[in-house]
Amino acid sequence: TVVRADAQEGAAEEIATIEGVVHGAALTPDATVLYLAVEGAKLQIQRLALEPGATAEHVAFVPAPAGPDVTITPFRGLQATPDGEHLLLERCDPTGRCSWLELAVGSGEMRQIEIDGAGRLIDLSNDLLLTAATGCDAGPCTYVIVDREAASGVAWDPGAHNARLIVTPDGGSVLAYDTAGTGGAAVRIGLVDPATLEERPLEPLGEPGVELGLAREGQDDWAPPGWLVLAGPGLNLGEEGGPVLVNVLDERVVRLPAPDPR
């Protein structure tokens with residue numbers, strides 16, 4: 001059953017009941033449509049308008065994976081690009097090697113993206129995927145930056161446990177990482193141009209005795225385009241104190257109060 005809830009008022013209403021096993025779901029950026037990877041007689045992508053009485057519509061059948069042990073990533077297996085124009089279904093094998101089926105929402109065209117050395121998806125923008133590298137048992141691990149259009153990948157090793165892709169207001173991409181948990185004396189935050197891998201440091205923004213790093217959860221769902229959410233190193237959004245927003249282009253800073261715990 002799909003239920004829509006109002007985060008402000010707490011009201012909820014049932015939208016539809018889905019027949020089959022749901023392996024993943026992706027919400028469009030305007031939060032009006034939910035795409036679902038549903039397995040019944042066949043695995044398929046369905047489209048559900050988020051309005052009462054809506055019916056899930058078939059979009060595309062998903063081709064069978066190359067091997068019997070290839071599985072869809074739980075929970076985050078289906079994702080939409082920030083512009084809402086493409087869906088990506090992630091499938092991984094037992095070694096941690098992953099590939100993606102890309103569906104163009106407008107045309108229905110589907111293709112596979114498969115990159116040597118690429119593991120599970122960390123983040124995506126309109127043109128790039130940021131993945132973990134396969135074969136790393138203990139971090140910090142190498143990442144792989146995947147150009148979605150060219151279906152090519154570049155290894156990137158900033159020596160970080162935590163890295164993200166930020167979409168700027170013009171649709172471009174910026175990489176960000178922090179050095180939390182890597183044994184340094186202080187947490188450092190770096191911003192990286194994915195085209196050149198040139199880096200610029202973000203000036204320390206913590207108050208005396210308080211360090212900041214990338215918030216581990218809430219970046220894409222909570223921050224506006226071009227902004228990075230900072231919190232205590234290794235913490236989630238709102239887990240301790242108020243989040244700090246930093247604009248990746250001009251480094252404007254906005255400090256917010258801690259979220260209401262109710």
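Scope of this entry: the structure provided in the associated data block. (Residues numbered from 1 in each chain as written. Predicted model: local features only at pLDDT ≥ 70, side-chain atom pairs only at ≥ 80, totals over all residues. Heavy atoms only, no water.)

## Some thoughts on the overall build of the chain
The cut-off we apply is this: Counting from the N terminus, the helices are DSSP H or I runs at least four residues long and the strands are E runs at least two residues long. C-alpha atoms define the radius of gyration, and 2.2 Å times the number of residues to the power 0.38 defines the globule rule. Contact between two residues is taken to exist if any of their heavy atoms lie within 4.5 Å; hydrogens are not considered. The positive count covers Lys and Arg only, the negative count covers Asp and Glu only, and His and the chain ends enter neither. Just so you know, the charge point we use is NZ for Lys, CZ for Arg, CG for Asp and CD for Glu.
When helices and strands are tallied, the chain shows 1 helix and 23 strands. Over its C-alpha trace the chain gives a radius of gyration of 19 Å, about what one expects of a compact globule, namely 18 Å for 262 residues. Along the first, second and third principal axes, the C-alpha atoms of the chain reach 60 × 45 × 35 Å. Relative to all contacts within the chain whose residues are 6 or more apart in sequence, the contacts with residues 24 or more apart total 33%. Across the chain, the centroid of the 16 positively charged side chains sits 1 Å from that of the 40 negatively charged ones.

## Some details on the sheet that holds strand β19 (residues 199–202)
Inclusion rule: Should DSSP find at least two bridges between two strands, the strands are regarded as paired. Axis definition: a line fit to C-alpha positions, over the contact stretch in the case of helices; interaxial angles, taken between N-to-C directions, run 0 to 180 degrees.
Pairing within the open sheet is antiparallel, and its 4 strands lie in the order β16-β17-β18-β19. At either margin of the open sheet sits one strand with a lone partner, and together these are β16 (162–167) and β19. Looking at each pair of strands side by side, their axes are set apart by 25 degrees on average, direction ignored. Where β16 meets strand β17 (residues 173–178), 6 bridges bridge the pair, whose relative direction is antiparallel.

## Digging into the environment of Ile189
Locating Ile189 in the fold gives a position in strand β18 (residues 189–192). Note: C-alpha distance between Ile189 and Leu212 (23 residues apart in sequence) is 8.6 Å.

## Digging into the pairing of β19
Along any regular strand the residues' side chains alternate between the sheet's two faces. In this structure, β18 lies alongside β19, joined through 4 bridges in antiparallel fashion. For Val192, the partnering residue across the bridge sits in β19 and is Glu199. The loop that links β18 with its antiparallel partner β19 comprises 6 residues; one of these, Leu197, has a positive phi angle of about 65 degrees.

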